[in-house]
Structure formats: structure tokens, C-alpha cells
Amino acid sequence: MSIIQAEQVSNEVRVIRIVGRFDVATRSEFCQAYETEPGTTREFNVDLGKASHIDSAALGMLMLLREYATERDAQVCLLRPRTEAGEVLELARFERYFEIRDVLR
């Protein structure tokens, strides 16, 4: 089971939390999590601390979020990638496209 929660923590910062599997089955919910932002967001933080699995579809969804953010002069940060999630991001060399950090600023 997967849960995706979005929270606007300030006028300019939105946090999207992934719990469980991050895969093709979560596409609609993930897209809705960032597309419903109020238009003032300058930083999207995807919290992967509780993501148990990431597949290639999830990598594609992160790239779509990056494109969405770039069009709005915003950035995307990936937070707390652990275990398998961190390994997948490392293998895909996502540090070239995203800031990856352990905590929300």
C-alpha cells in the first residue's frame, strides 16, 4: 500500500511525502500532490524517508515534477532517501538533476 501526502509548509515550500511503494500505481496521486499547489511554490520537497520501493515509473514521475517546477522557476529537492530508494537514485545518478539532502531547510 502507498500513501502520498502533500503539505504546503509555507507560501513557497511544498512537501510531498511518499509512504510505501512509489511506483506506477501512484502516478495520479503523485501528480495531484504537486499540481494542486497554490502557484506560489518555489521549492518542492519529496520526502522519501518512508518509501519502501521506487521503480522506473517513479523515476519518470520525479523527472515530470522537475519539468513542472522548472517551468515555474522552482526547484525540487529529494529528502531522506533510504535503503532501496537511495540505491535506485544513486544508480540512476539523480544527483545530477536534483538536490538530495537529509533534512527540510
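Residues numbered from 1 in each chain as written. Predicted model: local features only at pLDDT ≥ 70, side-chain atom pairs only at ≥ 80, totals over all residues. Heavy atoms only, no water.

## Some points on the sheet that holds strand β1 (residues 2-8)
Pairing in this open sheet of five strands is mixed, and the strands run β1-β2-β3-β4-β5 from one edge to the other. The outermost strands of the open sheet, each flanked by one partner alone, are β1 and β5 (99-101). Sheet twist, expressed as the mean angle between neighbouring strand axes with direction ignored, is 20°. Relative to strand β3 (residues 43-54), strand β2 (residues 13-22) runs parallel, the two being bridged by nine bridges. When the bridges of β3 are listed, V15 appears paired with N45. Lying on the sheet, helix α2 (residues 56-71) is in contact with β2, β3 and β4 (75-79); it crosses β3 at an angle near 175°. Its contacts with the sheet put helix α3 (residues 83-91) on β3 and β4, and the angle it makes with β3 is roughly 115°. (Pairing = 2+ DSSP bridges. Helix = DSSP H or I, 4+ residues; strand = E, 2+ residues; numbered from the N terminus. Axes fitted to C-alpha atoms, helices over the stretch in contact; angles between N-to-C directions. Contact = heavy atoms within 4.5 Å.)

## Observations regarding the environment of M61
Within the fold, M61 resides in helix α2. Among the residues examined, M61 registers a relative accessible area of 3% and is labelled buried. On a C-alpha basis, the gap between M61 and T41 in space is 18 Å, while along the polypeptide they are 20 residues apart. Beyond its immediate chain neighbours, meaning those up to four positions away, M61 contacts F22, D23, V24, T26, R27 and F30. (Buried < 20%, exposed > 50% of the residue type's maximum accessible area, 1.4 Å probe, protein only.)

## Considerations on the packing of aromatic side chains
How two aromatic rings sit relative to each other is set out by the distance from centre to centre and by the angle between their planes. Inspection of the entire model under this criterion finds six aromatic pairs. Taken together, a centroid distance of 5.5 Å and an interplanar angle of 70° make the contact between F30 and Y34 edge-to-face. Placement of both F30 and Y34 in helix α1 (residues 27-35) is noted, with a separation of four residues, approximately one turn of the helix. Pair check on accessibility: F30 and Y34 agree, each one buried. Ring geometry for F44 and Y68: centres 6.0 Å apart, planes at 75°, overall edge-to-face. Of this pair, F44 sits in strand β3 while Y68 sits in helix α2, placing them 24 residues apart in sequence. Summarising the burial analysis for this pair, F44 and Y68 share the class buried. (Phe/Tyr/Trp six-rings, centres within 6.5 Å; stacked < 30°, edge-to-face > 60°.)

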